[in-house]
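Here's the letter readout for the chains.
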Amino acid sequence: MDTALDAEALRARLVAPNGPYAALDVVASTASTNADLTQAAVAGAKDRTVLIAEEQTAGQGRRGRTWSSPQGGLYLSVLFRPSEVPPQQLPWLNLIAGLALVRVAQSVGVEASLKWPNDLLLGPKAEKGAGILSEITAGVAQAVVVGIGLNVAKLPDDVQPAPGGLAPTSLEDAGAAELDREELVFRLLVELAQLEGVWRNNGGDAVESGLLEEYQEHSATLGERVRVELSGGVQLLGVAQRIEADGTLVVRGTDGVDHGVSAGDVVHLRPA
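Summary of the structure given here. Every value quoted in this text rests on a predicted model; they were computed, and no experiment measured them. (Residues numbered from 1 in each chain as written. Predicted model: local features only at pLDDT ≥ 70, side-chain atom pairs only at ≥ 80, totals over all residues. Heavy atoms only, no water.)

1. Side note on the sheet that holds strand S13 (residues 258-261)
Using the following cut-off: Note on pairing: two strands pair once DSSP finds at least 2 bridges between them. Only DSSP runs of H or I with at least four residues qualify as helices, and only runs of E with at least two residues qualify as strands; both kinds are numbered from the N terminus onward. Axis definition: a line fitted to C-alpha atoms, limited for helices to the stretch in contact. Angles are taken between N-to-C directions and run from 0 to 180 degrees.
Taken in spatial order, the five strands of this open sheet run S13-S12-S11-S10-S14, and their pairing is antiparallel. Looking at strand neighbours, the two that pair on one side only are S13 and strand S14 (265-268), the edges of this open sheet. Each strand axis lies, on average, 45° off the axis of its neighbour in the sheet, ignoring direction. Of the pairings in the sheet, the one linking strand S12 (residues 249-253) to S13 comprises four bridges and is antiparallel in character. For Leu 249, the partnering residue across the bridge sits in S13 and is Val 261.

2. Observations concerning the pairing of strand S1 (residues 23-27)
Where we set the bar: For crossovers, right-handed means that the path from the first strand over the helix to the second runs clockwise, given strands pointing away from the viewer.
Sheet topology note: the S1/strand S2 (residues 49-53) ladder contains five bridges and is parallel. Note that in S2 the partner of Asp 25 across the bridge is Leu 51. Where the polypeptide runs from S1 across helix H2 (residues 33-42) and back to S2, its parallel neighbour, the crossover connection is right-handed.

3. Points about the side chain of Ser 113
Note the following rule: Any two residues having at least one pair of non-hydrogen atoms within 4.5 Å are treated as being in contact.
Tracing the backbone through its elements, the reader meets Ser 113 in strand S6 (residues 112-115). The residues contacting Ser 113, other than those within four sequence positions of it, are Val 102, Asp 119, Leu 120, Leu 121, His 218 and Ala 220.

4. Observations concerning the packing of helix H3 (residues 92-107) against helix H4 (residues 181-201)
To keep it simple, the criterion reads: An angle below 35 degrees is read as roughly parallel, one above 145 as roughly antiparallel, one from 65 to 115 as roughly perpendicular, and any other as oblique. Two helices that cross are described as forming a left-handed crossing if the nearer one is turned anticlockwise from the farther one by less than a right angle, and a right-handed crossing if clockwise. The residue classification treats Ala, Val, Leu, Ile, Met, Phe, Trp, Tyr, Cys and Pro as nonpolar and Asp, Glu, Lys and Arg as charged. All others, Gly included, are polar.
Running from N to C, H3 and H4 point in directions that differ by 140°, and their axes come no closer than 9 Å. On the basis of the axis angle, H3 is oblique to H4. Relative to H4, the crossing made by H3 is right-handed. Facing Trp 92, Leu 93, Ile 96, Ala 97, Leu 99, Ala 100, Leu 101, Arg 103, Val 104 and Ser 107 of H3, the residues of H4 in contact are Leu 184, Arg 187, Leu 188, Glu 191, Leu 192, Gln 194, Leu 195, Glu 196 and Trp 199. Taken together, the residues of the contact of H3 with H4 break down into 13 nonpolar, two polar and four charged.

5. Remarks on the environment of Ile 136
Relative to the helices and strands, Ile 136 is located in strand S8 (residues 127-136). Spatially, the C-alpha atom of Ile 136 lies 28 Å from that of Thr 169, the residues being 33 residues apart in sequence. Sequence-distant contacts of Ile 136, defined by excluding residues within four places in its chain, comprise Leu 90, Ala 143 and Val 144.

6. Some details on the packing of H3 against helix H5 (residues 211-218)
It is at 10 Å that the axes of H3 and H5 come closest, and there the two elements cross at 60°. With respect to their mutual orientation, H3 and H5 come out oblique. The chirality of how H3 crosses H5 is left-handed. Touching Trp 92, Leu 95, Ile 96, Leu 99, Val 102, Arg 103 and Gln 106 of H3 are Leu 211, Leu 212, Glu 214, Tyr 215 and His 218, all from H5. For the contact of H3 with H5, the class distribution of residues is eight nonpolar, two polar and two charged.

7. Some words on H4
Counted only if it meets this: A helix is expected to span 1.5 Å for every residue after the first. For the purposes of these results, a polar contact is taken to be a pair of N or O atoms within 3.5 Å, where, inside protein, one atom must be able to donate a hydrogen and its partner to accept one; residues adjacent in sequence count only when each atom of the pair is a side-chain atom.
Relative to the 30 Å expected for 21 residues at 1.5 Å per residue, H4 spans 30 Å between its end C-alpha atoms, a close match to the ideal helical length. A side-chain oxygen of the first residue of H4 lies 3.0 Å from the backbone nitrogen of Glu 182; this N-cap is Asp 180.

8. Some remarks on unusual backbone geometry
Following Ala 16, the chain continues to Pro 17 via a peptide bond in cis, the omega torsion being 10°. Along the polypeptide, Pro 17 turns up in the loop between helix H1 (7-14) and S1. Between Trp 116 and the following residue, Pro 117, the backbone shows a cis peptide bond with an omega angle of 0°. The topology assignment puts Pro 117 in the loop between S6 and strand S7 (119-122). Positive phi outside glycine occurs at Ala 126, with the angle close to 50°. We note that Gln 142 has phi near 50°; this positive angle belongs to a residue other than glycine.

9. Observations regarding the pattern of salt bridges
Condition: Each reported salt bridge corresponds to a side-chain nitrogen of Lys or Arg within 4 Å of a carboxyl oxygen of Asp or Glu. For every residue, the accessible area obtained with a 1.4 Å probe (protein chains only) is divided by the maximum for its type, and the residue is called buried under 20%, exposed over 50%, and partly exposed between those limits.
With the rule as written, the count across this model stands at 18 salt bridges. For the salt bridge of Arg 11 with Asp 25, the shortest nitrogen-to-oxygen distance reads 3.3 Å. Highlighted residues: Arg 11 in helix H1 and Asp 25 in strand S1, separated in sequence by 14 residues. The exposure class of Arg 11 is partly exposed, given its relative accessible area of 24%. For Asp 25, a relative accessible area of 43% gives the class partly exposed. Measuring nitrogen to oxygen at the nearest pair gives 3.7 Å for the salt bridge that ties Glu 183 to Arg 187. Of the two residues, Glu 183 and Arg 187 both sit in helix H4, four residues apart, roughly one turn of that helix. On the basis of relative accessibility, which here comes to 22%, the residue Arg 187 falls in the partly exposed class. Bridged by salt links that share partners, the residues Asp 47, Arg 48, Glu 84, Glu 196 and Arg 200 form one connected network.

What follows is the structure in structure tokens.
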């Protein structure tokens, strides 16, 4: 695999005045970039602060799960403070990160799609290549930390399937034409800033910004039979119908009623 990321080179390309970010750091190892950047947000870190780790020892997933972070991947978090955006639109940051990942995967020749709300699927088998975890920082006005874990290098044989049985994969395993991690993280952060900027400039309106249309175009969930695992052990079975303007997934249940889902684990079911 290639060498460690060059923080100075990335800052020269991505941090103001040459780029869209306020600050960027690369650390060799940390428990969780999301946890570190959440602490930084409380301490006053600026909008669009980036933290990248070569390795995470306790990467976070949804509902407190751990995220496997083998060497050779990209593990980063970005702090956004979109004060112009209504709070109810903040969940879109999770979906925006997914769109940035799709663009990056496609740029290296890998087929990519999105499983709502936080998984990047790669290759014709639609295996999981990346996860996203967005967290609103408690007690800090309009501060959201968006964490991304992207598998780049070939995965070790002992990496376990994701929740819901999704087999893990990586850009290399999916046949990527390029594996320069520094170039990949640069592209990812540029795409993320561009997408988030358009969304923010439109006051968080995903329709006006074109993001809803782009997300639906790349959705692997819409039209699928799904099981949504909700809080309290409740399950919703049905067919995914559409994404609403606020990022909510609408599932038509077996009762024939449309149910809006703002958070939950979605499992794609095989055809009956």
